[in-house]
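Structural description and commentary
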Amino acid sequence: MTDPLDPNGGTLPDAGDFTQNPVPRSTADKPAKSEVGDGISSTPGWERATLEKLAFATLHEQRLARRWRTFVRLAWLGFFIALVWLGLNQGGASQNVTTPHTAVVAIHGEISSDTEASAELVVSAVRSAFEDAGAQGVVLLINSPGGSPVQAGIINDEVIRLKALHQKPVYAVVEESCASAAYYIAVSADKIFVDKASIVGSIGVLMDGFGFTGLMEKLGVERRLMTAGENKGFLDPFSPQTETQRAFAQSMLNQIHRQFIDVVKAGRGDRLKETPETFSGLFWSGQQAIELGLADQLGSLDYVAREVVKAEELIDYTRRENVAERLVKRFGAAMGAGAVQALRASAILR
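Thresholds, definitions, all that
Residues numbered from 1 in each chain as written. Predicted model: local features only at pLDDT ≥ 70, side-chain atom pairs only at ≥ 80, totals over all residues. Heavy atoms only, no water. Phe/Tyr/Trp six-rings, centres within 6.5 Å; stacked < 30°, edge-to-face > 60°. Helix = DSSP H or I, 4+ residues; strand = E, 2+ residues; numbered from the N terminus. Buried < 20%, exposed > 50% of the residue type's maximum accessible area, 1.4 Å probe, protein only. Salt bridge = Lys/Arg side-chain N within 4 Å of Asp/Glu carboxyl O. Pairing = 2+ DSSP bridges. Right-handed = clockwise from strand over helix to strand, strands pointing away. 1 Å grid on protein atoms, 1.4 Å probe; cavity = no way out; pocket = protein on both sides within 12 Å on 5 of 7 lines; lining within 4 Å. Points joined across faces, edges and corners; volume = space filled by probe spheres on them. Nonpolar A, V, L, I, M, F, W, Y, C, P; charged D, E, K, R; others polar. Core = buried A, V, L, I, M, F, W, Y, C linked by side-chain atoms within 4.5 Å. Contact = heavy atoms within 4.5 Å.

For the coordinates displayed, the defined rule picks out four aromatic pairs. Taken together, a centroid distance of 6.1 Å and an interplanar angle of 70° make the contact between Y171 and F193 edge-to-face. Taken together, the residues Y171 in strand 3 (residues 170-179) and F193 in strand 4 (residues 191-194) connect sequence positions 22 residues apart. In this pair, the class of Y171 matches that of F193, namely buried. Through a chain of ring-to-ring contacts, three or more aromatic side chains come together here, namely Y171, F193 and Y303.

Spelled out as structure tokens, the structure:
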């Protein structure tokens, strides 16, 4: 039998030749060792070296993380210390300014327990001004549309007490407006100075609100309010107001108005030229207020310090709520809200 021929014309080797004499593989067919693998796999203990490198890298990252946390904590501590420092160095003049000066206490904005014109802040500032030996006089710098008669009454009473105790003059200087509760405070001063265009007066008391009973009837909405005490729902905007309740509210307003009138008359004395409109709640310009005896004369803060007090240097004793105090209050409010929510949640869970 003829040997099989290969395609090139030669004879193919017998199958047994492959078994007995295997053809060696060429070096080109062998997989090449990578340079990287050569350096790792050929070295004994390369697994341990790799694990050590990973462990050291992890430790390094942990150290960096700890340092960063320490830095952030120190930064917050420094920020808190800065806020405390600002809180201690703001909010009024330093004590014991012995050089002759005019002490100024500003009453700006709405007079309320939660504003910078609250009785707490104003009384504290006025007390510091009176107690300073260098203060030749105290000026109440007023620019307010009014507010709480209670807060105004507290300030008025304290100014009168301190004026008698320290025997120092007090002057009110009106900027844009001095109305309602602001005027309640102003009459505690020895003299009231205004600008010719200032708004002065509004000696009256009001209580406002809304009533939605008619609208609810049109919409077919029923108000379900349960009370113990027939007047407990008094002034509820969704309940009708009885004539008895209306008369009660009016008598209370009249009483507070009477108190306001008495304070004005005591403060202004014979200078007040009373007319039927004086205590009607109307307000007047500064020039008209002088004519009616509600104010004394035209004058600014600088004028009063220079010509009346005779001490041109102005020292501001006004206490203002600074950044630190606001943050503390907000933090306290947030903590209180969180505590309430936690209590509610615990009550629900039980």
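In this section: the pattern of salt bridges. Per the counting criterion, the structure on display carries 10 salt bridges. The residue E158 makes a salt bridge to R161 at a minimum N-O spacing of 2.6 Å. Of the two residues, E158 and R161 are both situated in helix 5 (residues 149-166); the distance of three residues between them amounts to about one turn of the helix. Take R161: its relative accessible area is 42%, and that puts it in the partly exposed class.

For the rest of this paragraph, the subject is the pairing of strand 2 (residues 135-144). Among the 10 residues that make up strand 2, eight are buried, leaving the element largely enclosed by the rest of the structure. Here eight bridges tie strand 1 (residues 101-108) to strand 2, and the two strands are oriented parallel to one another. Note that in strand 2 the partner of H101 across the bridge is A135. Once you follow strand 1 into helix 4 (residues 119-131) and on to strand 2, the crossover reads as right-handed.

Quantified by volume, the largest pocket comes out at close to 480 Å³. Along its surface, the largest pocket is lined by 26 residues, and F234, L235, D236, S239 and Q241 are the ones closest to its centre. Sorting elements by how many residues they give to the lining of the largest pocket places helix 8 (residues 243-268) first, with five residues. Broken down by class, the residue content of the lining of the largest pocket amounts to 10 nonpolar, 10 polar and six charged.

Where burial is concerned, most of strand 3 is hidden: eight out of the 10 residues are buried. Strand direction decides the pairing type here: strand 2 and strand 3, joined by six bridges, are parallel. In the strand pairing of strand 3, S144 is matched with C178. Remark: the strand 2/helix 5/strand 3 crossover connection has right-handed handedness. With three bridges joining them, strand 3 and strand 4 adopt parallel strand pairing. Directly across from A172, in strand 4, lies its bridge partner I192. Each parallel crossover has a hand, and the one from strand 3 via helix 6 (residues 181-186) to strand 4 is right-handed. Judged from the three bridges that link them, strand 3 and strand 5 (residues 199-201) form a sheet pairing that is parallel. Paired with S177 across the strands is I199, a residue of strand 5.

Counting 50 residues, the largest nonpolar core has V105, V126, I142, Y183, I192, V264 and L294 as its most contacted members. Per-element accounting of this core gives the leading share, seven residues, to helix 4. Apart from the residues lying within four places of it in its own chain, the contact partners of V105 are V122, A125, V126, A129, V139, L140, L141, Y317 and T318. V139, Y171, F193 and L301 belong to the second largest nonpolar core, which has 10 residues in total.

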